[in-house]
Every structure is written in C-alpha cells, then in structure tokens.
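A look at the structure
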Amino acid sequence: MEEAERAADARMGFTSVDDDAEPSTAIVLAEDKKYYPTAEETFGPETETLVMEEDAQPLETPIIAPVVGKKHEKLLSAPLATRYSNEFLATLSSNPELIRNIAVVGGLHHGKTTLMDMLIEQTHNLPSLGIRTAGKALRFTDTRIDEQARGISIKAMPMSLVLENGNGKSFLINLIDCPGHVNFNDEVTAAMRLADGLLLVVDVLEGVGVAAERAIQQAVAEGLAITLVISKMDRLITELKLPPADAYHKIAFTIEEVNAVIRTASGQPAAAASGLSNGTAAAANGTANGSTAAGNTPLLDPVKGNVAFVACQYGYSFTLRSFAALYKGVCGDDPKDVLVIDEFARRLWGDVWYYPEERVFRRKPPQLGEQQ
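All of the points below concern the structure found in this document. Keep in mind that what you see is a predicted model, and the values were worked out from it rather than measured.

1. Considerations on the packing of helix α6 (residues 185-194) against helix α7 (residues 210-222)
Running from amino to carboxyl end, α6 crosses α7 at an angle of 30°, the nearest separation of the two axes being 11 Å. Between α6 and α7, the angle falls in the class roughly parallel. Crossing of α6 against α7: the hand is right-handed. Packed against α6, whose contacting residues are N185, V188, T189, M192 and R193, the element α7 presents R214, A215, Q218, A219 and E222 at the interface.

2. Quick word on the packing of aromatic side chains
Enumeration over the complete set of coordinates arrives at nine aromatic pairs. Pairing F323 with Y327 gives two aromatic rings, centres 5.9 Å apart and planes at 55°, and the pair type is tilted. Here Y327 falls in the partly exposed class, since its relative accessible area comes to 35%. Taken together, the aromatic side chains of Y248, F309, Y316, F318, F323, Y327, F344, W349, Y354 and F361 make up a single cluster linked through ring pairs. Its end group placed over the ring of Y355, R362 keeps NZ or CZ at 5.1 Å from the ring centre.

3. Things to note about the side chain of T297
By the secondary structure assignment, T297 is in strand β7 (residues 297-298). Looking at T297, the relative accessible area reads 1%, which means it is buried.

4. So, a nonpolar patch on the surface
On the surface, a cluster of nonpolar side chains totalling about 400 Å² of accessible area is made up of F323, L326, Y327 and V330. If you trace the backbone, V330 turns up in the loop between α12 (320-325) and α13 (341-346). Given a relative accessible area of 59%, V330 falls into the exposed group.

5. Here's the deal with the side chain of D142
For D142, the location among the structural elements is in the loop between α4 (112-123) and α5 (145-150). Take D142: its relative accessible area is 2%, and that puts it in the buried class. Aside from chain neighbours lying at most four places away, what touches D142 is T113, E147, Q148, I152, S153 and D177.

6. Brief notes about α6
Where α6 is concerned, the buried positions are N185, E187, V188, A191 and M192. Viewed along the axis of α6, the buried residues span an arc of 150°, placing them on a single side of the element. Set apart from the buried face of α6 by more than 90 degrees, the exposed residues are D186, R193 and L194.

7. Some thoughts on the pairing of strand β2 (residues 157-164)
Across eight bridges, β2 lies against strand β3 (residues 170-177) in antiparallel orientation. From the neighbouring strand, M159 faces β3, where its bridge partner is L175. From the end of β2 to the start of β3, which pair antiparallel, there are five residues, and G168 there has a positive phi angle of about 85°.

8. Here we look at the pattern of salt bridges
Considering all chains together, one arrives at 12 salt bridges under this definition. A salt bridge links K155 to E187; the nearest nitrogen and oxygen atoms lie 3.4 Å apart. Here the residue K155 occupies a position in the loop between α5 and β2, and E187 occupies one in helix α6, the gap between them amounting to 32 residues. Exposure remark for K155: the relative accessible area of 42% places this residue in the partly exposed category.

What counts as what
Residues numbered from 1 in each chain as written. Predicted model: local features only at pLDDT ≥ 70, side-chain atom pairs only at ≥ 80, totals over all residues. Heavy atoms only, no water. Axes fitted to C-alpha atoms, helices over the stretch in contact; angles between N-to-C directions. Helix = DSSP H or I, 4+ residues; strand = E, 2+ residues; numbered from the N terminus. Parallel < 35°, antiparallel > 145°, perpendicular 65-115°, else oblique. Left-handed = near helix turned anticlockwise from the far one by under 90°. Contact = heavy atoms within 4.5 Å. Phe/Tyr/Trp six-rings, centres within 6.5 Å; stacked < 30°, edge-to-face > 60°. Buried < 20%, exposed > 50% of the residue type's maximum accessible area, 1.4 Å probe, protein only. Lys NZ or Arg CZ within 6 Å of the ring centre and 35° of its normal. Patch = residues over 30% accessible without salt bridge, like charges linked within 9 Å, V, L, I, M, F, W, Y side chains within 5 Å. Areas by Shrake-Rupley, 256 points an atom, 1.4 Å probe, with all protein chains shown as cover. Salt bridge = Lys/Arg side-chain N within 4 Å of Asp/Glu carboxyl O. Arc of directions from axis to C-beta. Pairing = 2+ DSSP bridges.

Listed below in structure tokens is the structure:
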C-alpha cells in the first residue's frame, strides 16, 4: 500500500516528507504550483500532444466535418426529345445563312426565362419527361442550384432551337438567356458581342427599367437590331382589368418609351423627349415610329414587324402579321374577297375603324353609338 502511494506521489510530483520534519514556510507563487500532471507525464514522452488554450469552435459544428459532395447544376441525364430530327438540325448548322444568334435581355422578372420555356415547349417533347410541375414555372435555362432557389438568372445560358419564320422557313436560332439583374450586366455585355440581334423583353405593366435601358444603350453602340417583346399581356386583363382602348394606349406608351431610349442612345435627346410626351398620339396615328431610324438602329413599330406581344403563362405570342393570318379565308375564296394579310395587319394598329356595312377600314371615327 505504501509503495502504491509513493508511486502516485511520484507521478504527481510530490516528494515524501518526514512527519517529524517541520513544515516549510517558503512562499510558492501560483504560476509555480503544480496541480495536475503534464501530458508528457500522463501519456509518455513519445506521444505528441496539442493543447488548445481556448475552445472557439461552436458546439453545433462537428470537430471532423463530414465529406459532402457539392452540386452546382441540375442537368438532365439524357438530351431532350425534339420535334425535329437531329439530322435536320445538323443540316441547318452547316449553313451559316440559316443561323441566327439572338440575345434575350430585359429587366429582372420581366419574363425572359419564361419566354425561353415557352419556345422550348413548342420545339421539344417535355410531357414525356414529366419535369413540369403544375402551377410552377419550368425555368429550364436556370440550370444552377442557386438560380432555382433564388428564382433569378445569374449566368447567361445559350440554347439552340429550330424555329420557323412567318413564311414557314426554318432557321437555327441560338438563343442566349441573359440575367436581368443589374449586378450581372457583364453577362449581358458578353452575350451581345456574340449576338446578331436582340430580343428586348419588357413587362407591359412595369415598362422600361434600368437593366432594359442599359441593354438598349449597349445594343445601339454595337449596332444590333432590336426586336421588342411586350410580355405579360394577360396582366392588362387579369390585374388592371383595362378596357380595349385603355389597354391599347398602355401598350403604345410602352413602345414609345423604348423608342425614346433608342433616340437618346443615338444622340437625339430632344426627339426622345417629344416622343415620350406625344407617344400615344404618334402611335395612334399609325405613323411611323418605326419608319425612321435613330442612327443605325430602326425604331420600333408593330406595323414594321419588330414588336411582338406575348403572354407566356398562357402560351401564346403573336405579331400583327401572325394575328392577321388567323383571319385568312374568313372572307371567302372569291378573288375580290381574298384577305391580303399584310394590308390587314397594317390596319390592326392605330386609330382605324371598320365599317361592317361597307366592309372597309377608315381613319374617320364612326358617329357616336355606331359599331367600331
């Protein structure tokens, strides 16, 4: 028993003291006192010991973090099934004259990615994949995890689609879905250097924002052709509940607002200011907001065919010419009654009234109470 006590005292650094000896009156400082054995004494001299003076690690953080594989993108395991063959796509890609590079730009939440989804649904067989959720936007070009979580586009995403023009001729369209947030304007700038033209998406209710204005200025500087896409047309009916005349003036003002920015970017500030104040009247007269050009960039006019109207949530889009083509054959097959699509489309914009008794269009309004 005594041997065990002596061994314990030796480990603790105590020395044996004779009971008959007088106690020492020497003063021992606190830092010199030894209360516990050292790590080397406890575990042996061959053991490496690391001592942390203060535990600064939170309790909820594990000492050894588990290995987690980071995933940045959501990609399909197989290519999408298209409504055209791969051979036809390869044939178009071999002919540079049938290839168009288009940048889709606009403000934040103005409907650029939704427009891409609508075009993808028209050219691909999405129902077979079962990736569309009822009541939720597809957002197919937002492949990053953070883009899906935040609901905005962060990186420009290109996609090749085979689309037809109004005459049924097919083109290979390389669309670049660009971010709408002003912090990611570098992606828009890079896309414009690759593009042949511009699809400017503008919300009909919100109008031209900072991002759209900056995109117009860059497009004018690059000399790119601009096609205006007025999105969310259904909001005029479902939210504002506007009658047709007021909805028309709202659309005309949006077009003139874009034309004012084009004039300003082309060095015509005076014309831009007068155009904004008289925008509705100029469009109502069906005049030429698109017949003249600001610099090298033509102004926008639905009659010229560089303005489209879309409601991506309901899956429809049209220009004046495509809308007029729906009435082909309505008037009959008689040669004198055949509808000329281009002439009819020109009369669908501006203050033009239809007289059903005479079956003619006139700019003179009918008398009060008569059918327009």
